[in-house]
Amino acid sequence: MRLCFAAIALICACPAQGQPTVRTTAPIAYLVDMSSGTVLLEKNAKRAMAPASMTKMMTTYVVFDLIKQGKLDPASKVQVRPESWRKWQRVGSTMFLKPKQYVPISDLLHGVVTLSGNDAAVVLAEAVSGSEKEFVALMNRTAQRLGMKDSVFGTANGWPDRRRTVSTAQDMAILARRTITDFPELYRQYYGLRKYSWNGIAQTNRNPILQRVDGADGMKTGHSREAGFCFTGTAVQNGRRLILVVAGLPSEEERQKESIRLLNHGFNDWRSLLLYPAGSHVASLPVYQGVQDRISVITPRNFALSLPVGSAQRYKLVVQYDRPVKAPIKKGSSLARLVAVFDDGTSRETALVAASSMEKAGFWLRTWNSLKNWMEGS
């Protein structure tokens, strides 16, 4: 096999004026553009940190997944165990649950997401798995499946546990992105609420960017002595969604100020250039032993680049694939990569997948196609 390259476009633009830079007081910061996958700010993004109540994002993801699979009914009610109530009543953030009270799963989710209730997270975990310990095991299996390689969870609510629970800003961003893309309807239903009431007690969402950054609709704050003030947040403007993670800040006020400033930097100083919408034909690749001698490859999702506002950069687009591409081929299978290579050596890439299936040809057609492909490649 050999790696083949095909330059499909050369984009010439005025000389780049350099990427916009921004400083932050946050010891840990990570800002990524979901529309392109480009990291706009990275500061200690892989440093181990205590996620504190941002842990509840994983608790929520697990429950969303069970609802989507039809294994959990959000309208079903569960009873608050007296021992759980005694342990978590008024400990940190609370939903103000009552012992032996029956609570719908949907309300517990609001208690976790909007109110950051430590009691709600534990009761929800017990309802799903029978015990918090079993639920945490499910959280950790899910984290590994999502590619959160540097995350380990020890509780369902993120309460300090002698540093057993650990994550990174990069992993929190992965979790945020997967929550939004895997469960768009559930995300819209539960994240972004300004207030929620239970047992006659109304509480305001602690999210520092809601109604302060245009398009802000999630996600989760956290705070502990070890973690400092931290936050995973997201907003969407003009089709661009940014995800921000900050951690280790000294105060609630500083967390709010930095979160707003960094997201505004991402929206105001960067732009997204959509090159190929999802499903776009990009190239035709030669096929070995197929009923046809070429197959179309398409982008499975939008392929965009993040570029500085007010400047442009020179780049070329290249299709890379291992030759020969052999039949049979299943529709949607990954066959190549589309790479945008910038003059400074950096690059962005996306997979290209087969636009259709193709069967393996009979003997005589395989012989003819093999001869043509050999002649084209010689």
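As shown above, the structure is provided for reference.
The following paragraphs examine the structure supplied in this document. Values in this document were obtained by computation on a predicted structure and should not be read as measured data.

**Some words on the overall build of the protein**
A tally of regular secondary structure across the protein gives nine helices and 18 strands. Counting only residues that meet the buried cut, the protein has 51% of its 378 residues in that class. A fraction of 66% describes how many contacts in the protein between residues 6 or more apart in sequence connect residues 24 or more apart. Of the roughly 17900 Å² of accessible surface on the protein, 50% is carried by carbon and sulfur atoms. The protein carries 50 positive and 30 negative side-chain charges, and their two centres are separated by 2 Å.

**So, the nonpolar core**
Core analysis: the largest hydrophobic core is formed by 61 residues, its most contacted members being Met58, Leu108, Met148 and Met172. With eight residues, the top contributor of residues to this core is helix H1 (residues 56-68). Those residues in contact with Met172 that lie beyond four places of it in its chain are Met49, Pro51, Met54, Met57, Met148, Phe153, Ser167, Thr232 and Val245. Within the second largest apolar cluster, 25 residues are counted, among which are Leu305, Ala327, Ala336 and Phe342.

**Things to note about the packing of aromatic side chains**
For the structure on display, the rule yields seven aromatic pairs. A ring pair is formed by Phe64 and Phe183, whose centres lie 5.8 Å apart and whose planes are at 70°; its orientation type is edge-to-face. Taken together, the residues span a long stretch of sequence, with Phe64 in helix H1 and Phe183 in the loop between helix H6 (169-182) and helix H7 (184-190) at a distance of 119 residues. Phe183 matches Phe64 in its accessibility class, with the two residues each being buried. Note on Tyr315 and Phe342: the rings are 5.5 Å apart at their centroids and 55° apart in plane angle, and the pair reads as tilted. With Tyr315 in strand E15 (residues 315-323) and Phe342 in strand E17 (residues 334-342), this pair connects stretches of sequence that are 27 residues apart. Under the relative-accessibility criterion, Tyr315 is labelled buried at 4%. Among the aromatic residues, ring-to-ring pairing joins Tyr61, Phe64, Phe183, Tyr187, Tyr190 and Tyr191 into one connected group.

**Topic: the packing of H1 against helix H4 (residues 118-129)**
H4 packs onto H1 with a crossing angle of 35° between their chain directions and a minimal axis gap of 11 Å. Pair H1 / H4 crosses with left-handed handedness. In contact with Lys56, Thr59, Val63 and Leu66 of H1, H4 contributes Asn118, Ala121, Leu124 and Val128. Of the residues in the contact of H1 with H4, the class split is five nonpolar, two polar and one charged.

**Overview of the sheet that holds strand E9 (residues 228-237)**
What the five strands build is an open sheet, ordered E3-E2-E10-E9-E8; its pairing is antiparallel. Both outer strands of the open sheet, strand E3 (38-43) and strand E8 (216-224), are each paired with one neighbouring strand and no more. On average, adjacent strands in this sheet sit at an angle of 5° to one another, irrespective of strand direction. Note: strand E2 (residues 28-33) against E3, five bridges, orientation antiparallel. When the sheet's bridge partners are listed, Tyr30 is paired in E3 with Glu42. Each of E2, E3, E8, E9 and strand E10 (240-249) touches H6; the most contacted strand, E10, lies at about 145° to it.

**Examining unusual backbone geometry**
As a rule of thumb, non-glycine residues mostly have phi less than zero, and peptide bonds are mostly trans rather than cis. Going from Gly218 to Met219, the amide bond is cis rather than trans, its omega being 10°. Along the chain, Met219 falls in strand E8. The peptide bond linking Ala327 to Pro328 adopts the cis configuration, its omega dihedral lying at 5°. Structurally, Pro328 can be placed in the loop between strand E16 (325-326) and E17. Even without being a glycine, Lys100 presents a positive backbone phi close to 65°. Its location among the elements puts Lys100 in the loop between helix H2 (82-88) and strand E5 (102-104). Backbone geometry at Gln211 places phi at a positive 65°, although glycine is not the residue there.

**Topic: the pairing of strand E14 (residues 303-308)**
By the criterion of burial, E14 is predominantly enclosed, with six of the six residues buried. Burial along E14 is two-sided: the face carrying Phe303, Leu305 and Leu307 and the face carrying Ala304, Ser306 and Pro308 are both buried.

**Notes on the packing of H1 against helix H5 (residues 132-145)**
It is at 10 Å that the axes of H1 and H5 come closest, and there the two elements cross at 85°. Taken together, the axis directions place H1 and H5 in an arrangement best described as roughly perpendicular. Residues Met58, Thr59, Tyr61, Val62, Val63 and Asp65 of H1 form the contact with H5, whose participating residues are Phe135, Leu138, Met139, Thr142, Ala143 and Arg145.

**What to know about helix H3 (residues 105-113)**
Burial runs high along H3: nine of the nine residues are buried. All of the buried residues along H3 are Ile105, Ser106, Asp107, Leu108, Leu109, His110, Gly111, Val112 and Val113.

**What to know about the side chain of Arg240**
Within the secondary structure, Arg240 is located in strand E10. When its relative accessible area of 9% is taken as the criterion, Arg240 is described as buried. Once residues lying within four places of it in the same chain are set aside, the contact partners of Arg240 are Asp33, Ser35, Leu40, Ala235, Gly266, Phe267, Trp270, Arg271 and Ser272.

Conventions we followed
- Residues numbered from 1 in each chain as written.
- Predicted model: local features only at pLDDT ≥ 70, side-chain atom pairs only at ≥ 80, totals over all residues.
- Heavy atoms only, no water.
- Helix = DSSP H or I, 4+ residues; strand = E, 2+ residues; numbered from the N terminus.
- Buried < 20%, exposed > 50% of the residue type's maximum accessible area, 1.4 Å probe, protein only.
- Contact = heavy atoms within 4.5 Å.
- Areas by Shrake-Rupley, 256 points an atom, 1.4 Å probe, with all protein chains shown as cover.
- Lys, Arg positive; Asp, Glu negative; His and termini not counted.
- Charge placed at Lys NZ, Arg CZ, Asp CG, Glu CD.
- Core = buried A, V, L, I, M, F, W, Y, C linked by side-chain atoms within 4.5 Å.
- Phe/Tyr/Trp six-rings, centres within 6.5 Å; stacked < 30°, edge-to-face > 60°.
- Axes fitted to C-alpha atoms, helices over the stretch in contact; angles between N-to-C directions.
- Left-handed = near helix turned anticlockwise from the far one by under 90°.
- Nonpolar A, V, L, I, M, F, W, Y, C, P; charged D, E, K, R; others polar.
- Pairing = 2+ DSSP bridges.
- Parallel < 35°, antiparallel > 145°, perpendicular 65-115°, else oblique.

Read these as layout, nothing more, since geometry by itself doesn't imply function.
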